Amino acid sequence: MQRTLVTVLRRLALAVGLVLAVLAVNFTLIHAAPGDPALVIAGEMGGADEATMATIRKTYGLDRPLHEQFFTYLGKSVRGDLGTSYTYNRPVIDLILGRLGPTVLLVLTALLCAIVIGTGLGVLASRRPDSFGSGVVTVFSLVGYAMPVFWTGILLVILFGKVWPVMPIAGMRDVRAFGAGPWQAALDVAHHLVLPAATLAIVYLAQYSRLSRASMLEVLGSDYIRTARAKGLSDAVVTFKHALRNALMPIVTIAGLQFGNLISGAVLVETVFSWPGLGTLALDAILGRDYPTLLGVLTFSAILVIVANLITDLSYRWIDPRLRGR
Amino acid sequence: MSLLAVEDLSVEFRTRRGVARVLDRVSLGIERGQTLGVVGESGCGKSVTALAMLRLIASPPGRITGGRVHFDGRDLLALSEDEMRQVRGNRVSMIFQEPMTSLNPAYTVGDQIAESVRLHQGLTRREAIERAAQMLDAVSIPDPARRVHEYPHQFSGGMRQRVMIAMALACQPDLLVADEPTTALDVTVQAQIFDLISELREKTGTAVMLITHDMGAVAEMTDRVAVMYAGHVVESAAVADVLREPLHPYTRGLIACAPGARTVAPGQLLDEIPGTVPSLVERGAGCLFAERCAHVQPRCRAELPPHSEPAPGRTVMCWLHTQ
């Protein structure tokens, strides 16, 4: 128990260091990029002479040495001040916090569906690896894996928006549902969530079903599974208690590693379905050259990925007791 | 009536090269409280016999094609899967060759022992863990109350085999099948495990089927012995008779191969049986040992010898002993 606590604290400290490193890289990148912020601001003002330029530089601290600027940026970031958006003219942190919820909702829903359904299909396929059902899962997985996210999204939009219009194809809430009770609102959001989450889930679902099938096949051939059967345990107990837990390792690894991909996938899905998340915010920021917002989104995405990896690391220890001593 | 009587058990495996007849009309029997040794070199069908008895052969590729397994008056091959599960781990339990990998790394040894007790004897979780600790104590694992909550990786190989034995005996089975329980262990630990099995057998009256290729262990531990070769039981008899006067040339070879069977001067090679086990896919018509046998006659290559009974309670499958 104490060991686990120490590990958690050590991993947390590492995670904080990693976030600082991300801030540093982001800062360096933006300064390595061509263009002078003072010129941009002067351009927005409609032009300025040398003296005004100097004032601008002084006001924004741009006349300071780079390392000093970095520490100012770092200090402000740590206090939650990520600057002001050029496009929306609002604090970046408010913009991001407003968009974080929808993105986390979308990504976690998709991830959960992909893991649960994908693993379930993989387990089913592994029980009779030569059967017709197993072949269907394999074909389905390969097709799902081969389809680009945005294309799947557009297909679903056509299917459920035009051919069979039963699902909302854009946004997160129905204007007509504003002012309704909390249950109504939650249902409304869930209804809007179906298509984007399904789009994002399909690709990953395919990967998890392939992976869990292979992993289960390996585990089902191991000696301790024979022991479990020799004990008189039922097929279900052998599969789900004895085999699945050991087959989970690679699935959890991939889930953790792919969290970053999932977020970049969310950018595409949010764009296709006009989902008001970090992805659409990032796209707007890129198109509008809104650097503070873009930096903020990058920082938050990095934090999400780091948190996901932390959770992955800790679940290893839950799954495999051999790792608990380390 | 015998506790276990295997009659004409045949098993086939589908392989890339064709159908391999891995067991060919295998018959053997064990009385209550008795120990039967099953010996033979690797691939002769010892483990498959044990797994087939409990219907644990993976199918496909394996298939039981014939025979009966009478256990305590019932034919195990005719039971439903549900009824079979009540036999496994409860009336007949098994321990395996590889203690390092035979326990599930994700659960504590206590959980794994308790699992069978809860399943077969309907104990509560707490009672079952208590029983698990008693079993650990019975197999001489020190500090059982603490170790019952530890994971397999916290035990050494010999200790894990003790845990396996504790698990197998937790439901007080009528028959313990020990499939080369010491092959993967150090020589000193091997002796300890054999002693433990003998001691527990005496205490509980459990019959034991000891699968091994160690003639020494057979001599020390068993009452009867069945010698297997290429899917056949080629000789079966009381162990003293076999050691005094082995009838089948293969049995003679096995006994001669055992270190300690005769005095070997330093630097002198141990005896060996020339050749290897023939392919089970392309079986010829004759005796499968013919190519390796020093006493081979033309008839051996043409026709499979029948099981003959040169003395009561003794069978042999060789043309030398059919009159």
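Residues numbered from 1 in each chain as written. Chains lettered and ligands numbered in written order. Predicted model: local features only at pLDDT ≥ 70, side-chain atom pairs only at ≥ 80, totals over all residues. Heavy atoms only, no water.

Q: I'd love a proper account of the overall build of chain A, names of residues and values included.
A: Across its full length, chain A holds 13 helices and 0 strands. Taken across its 326 residues, chain A has 41% of its residues classed as buried. Contacts in chain A between residues far apart in sequence, at least 24 positions, make up 74% of those at least 6 positions apart. Here chain A has roughly 17500 Å² of accessible surface; of this, 69% comes from carbon and sulfur atoms. Of the side chains in chain A, 27 bear a positive and 19 a negative charge, and the two mean positions are spaced by 14 Å. (Helix = DSSP H or I, 4+ residues; strand = E, 2+ residues; numbered from the N terminus. Buried < 20%, exposed > 50% of the residue type's maximum accessible area, 1.4 Å probe, protein only. Contact = heavy atoms within 4.5 Å. Areas by Shrake-Rupley, 256 points an atom, 1.4 Å probe, with all protein chains shown as cover. Lys, Arg positive; Asp, Glu negative; His and termini not counted. Charge placed at Lys NZ, Arg CZ, Asp CG, Glu CD.)

Q: An account of helix α10 (residues 235-257) of chain A is requested, with residue identities and associated values reported.
A: Under the 1.5 Å per step criterion, the end-to-end length of α10 of chain A is 32 Å for 23 residues, consistent within 8% with the ideal 33 Å. The sharpest bend along α10 of chain A measures roughly 50° and falls at Leu244 of chain A. (Expected span 1.5 Å × (residues − 1). Bend = angle between axes of the 7 residues up to and from the residue.)

Q: Kindly report on the sheet that holds strand β12 (residues 314-316) of chain B, identifying the contributing residues and their values.
A: Residues and elements named next belong to chain B. Taken together, the 8 strands give an open sheet; going across it, the order is β6-β7-β8-β3-β9-β10-β12-β11, and neighbouring strands pair in mixed fashion. Looking at strand neighbours, the two that pair on one side only are β6 (92-95) and β11 (308-311), the edges of this open sheet. Across the sheet, the mean angle separating the axes of adjacent strands is 20° when strand polarity is ignored. Across 4 bridges, β6 lies against strand β7 (residues 175-179) in parallel orientation. (Pairing = 2+ DSSP bridges. Axes fitted to C-alpha atoms, helices over the stretch in contact; angles between N-to-C directions.)

Q: Quick rundown of the state of the cysteines? Include the residues and the values.
A: All names here are of chain B. Taken as a whole and judged by the stated rule, the model has 0 disulfides over all chains. Lacking any disulfide linkage, Cys300 is separated from the closest cysteine sulfur, that of Cys287, by 6.0 Å. With no disulfide of its own, Cys318 lies 6.2 Å from the sulfur of Cys293, the closest cysteine sulfur. The class of Cys318 is buried, set by a relative accessible area of 8%. (Disulfide = S-S within 2.5 Å.)

Q: Give a description of the pairing of strand β8 (residues 207-212) of chain B that names residues and reports values.
A: Note on strand geometry: in a regular strand, side chains alternate between the two faces of the sheet. All names here are of chain B. For β8, the buried fraction is high: 6 of the 6 residues fall into the buried class. Side chains Ala207, Met209 and Ile211 of β8 all project onto a buried face; the interleaved residues Val208, Leu210 and Thr212 project onto the opposite face, where all are buried too. When strand β3 (residues 35-39) meets β8, the two strands line up parallel, connected through 5 bridges. Of the residues in β8, the one forming a bridge with Val39 is Thr212. Each parallel crossover has a hand, and for β7 linked through helix α7 (residues 187-204) to β8 it is right-handed. (Right-handed = clockwise from strand over helix to strand, strands pointing away.)

Q: An account of the interface of chain B and chain A is requested, with residue identities and associated values reported.
A: Every contact between the two is made by 24 residues of chain B and, on the other side, 19 residues of chain A. Both faces considered, chain B and chain A share a buried interface measuring about 2100 Å² in area, 57% of it formed by carbon and sulfur atoms. Summed over the three residues of chain B that lose the most area to chain A, namely Pro105, Tyr107 and Glu115 of chain B, the buried surface amounts to 27% of that side. Remark: the boundary between chain B and chain A carries 2 salt bridges. Across the pair Glu115 of chain B and Lys241 of chain A runs a salt bridge, and its minimum N-O distance is 3.0 Å. Our count for the contact surface shared by chain B and chain A stands at 12 residue pairs in polar contact (both at pLDDT 80 or more). Secondary structure elements with two or more residues in the side of chain B that touches chain A: α3 (109-121) and α6 (157-169) of chain B. Top element by residues in the side of chain B that touches chain A is α3 of chain B. It accounts for 5 residues. Class assignment of the residues belonging to the side of chain B that touches chain A gives a composition of 12 nonpolar, 8 polar and 4 charged. (Buried area = accessible area lost by both parts, 1.4 Å probe. Salt bridge = Lys/Arg side-chain N within 4 Å of Asp/Glu carboxyl O. Polar contact = N/O pair within 3.5 Å; in protein donor to acceptor, adjacent residues only side chain to side chain. Nonpolar A, V, L, I, M, F, W, Y, C, P; charged D, E, K, R; others polar.)

Q: Tell me what's going on with the packing of aromatic side chains, and back it up with residues and numbers.
A: All names here are of chain B. Under the counting rule described, the total for this entry stands at 7 aromatic pairs over all chains. Taken together, a centroid distance of 4.6 Å and an interplanar angle of 55° make the contact between Tyr229 and Tyr250 tilted. Note that Tyr229 is positioned in strand β9 (residues 224-229) and Tyr250 in helix α10 (residues 249-257), a separation of 21 residues in sequence. The class for Tyr250 is buried, based on a relative accessible area of 0%. Between the aromatic rings of Tyr229 and Phe289, the centroid separation amounts to 5.1 Å while the plane-to-plane angle is 80°, which identifies the pairing as edge-to-face. One end of the pair, Tyr229, is in strand β9; the other, Phe289, is in the loop between α10 and α11 (298-302), with 60 residues separating them in the sequence. (Phe/Tyr/Trp six-rings, centres within 6.5 Å; stacked < 30°, edge-to-face > 60°.)

Q: Let's hear about the sheet that holds strand β2 (residues 18-30) of chain B: which residues, and what values?
A: The strands making up a sheet associate through backbone hydrogen bonding, with each pair oriented either parallel or antiparallel. Residue and element names in this part refer to chain B. The 4 strands are arranged β2-β1-β4-β5 in an open sheet whose pairing can be described as antiparallel. This sheet does not close on itself; its edge strands, each paired only once, are β2 and β5 (74-75). Packing of helix α1 (residues 46-53) onto the sheet brings it into contact with β1 (4-15), β2 and β4 (62-71), and relative to β1 it is tilted by some 110°.

Q: Please provide a residue-by-residue account of a nonpolar patch on the surface, values included.
A: A surface patch of nonpolar side chains, amounting to about 940 Å² of accessible area, comprises Phe150, Trp151, Ile154, Leu155, Ile158, Leu159, Val163, Trp164, Val166 and Leu268 of chain A. Per element, the largest residue contribution to the nonpolar patch is 7 residues, and it comes from helix α7 (residues 149-163) of chain A. (Patch = residues over 30% accessible without salt bridge, like charges linked within 9 Å, V, L, I, M, F, W, Y side chains within 5 Å.)

Q: Outline unusual backbone geometry, supporting the account with residue identities and numerical values.
A: Phi is positive for Ser274 of chain A, which is not a glycine, with a value near 50°. Its place among the elements puts Ser274 of chain A in the loop between α11 (259-273) and α12 (278-287). For Ser274 of chain A, a relative accessible area of 41% gives the class partly exposed. Positive phi is not limited to glycine here, since Ala230 of chain B has a value of about 50°. Note on placement: Ala230 of chain B falls in the loop between β9 and β10 (232-238).

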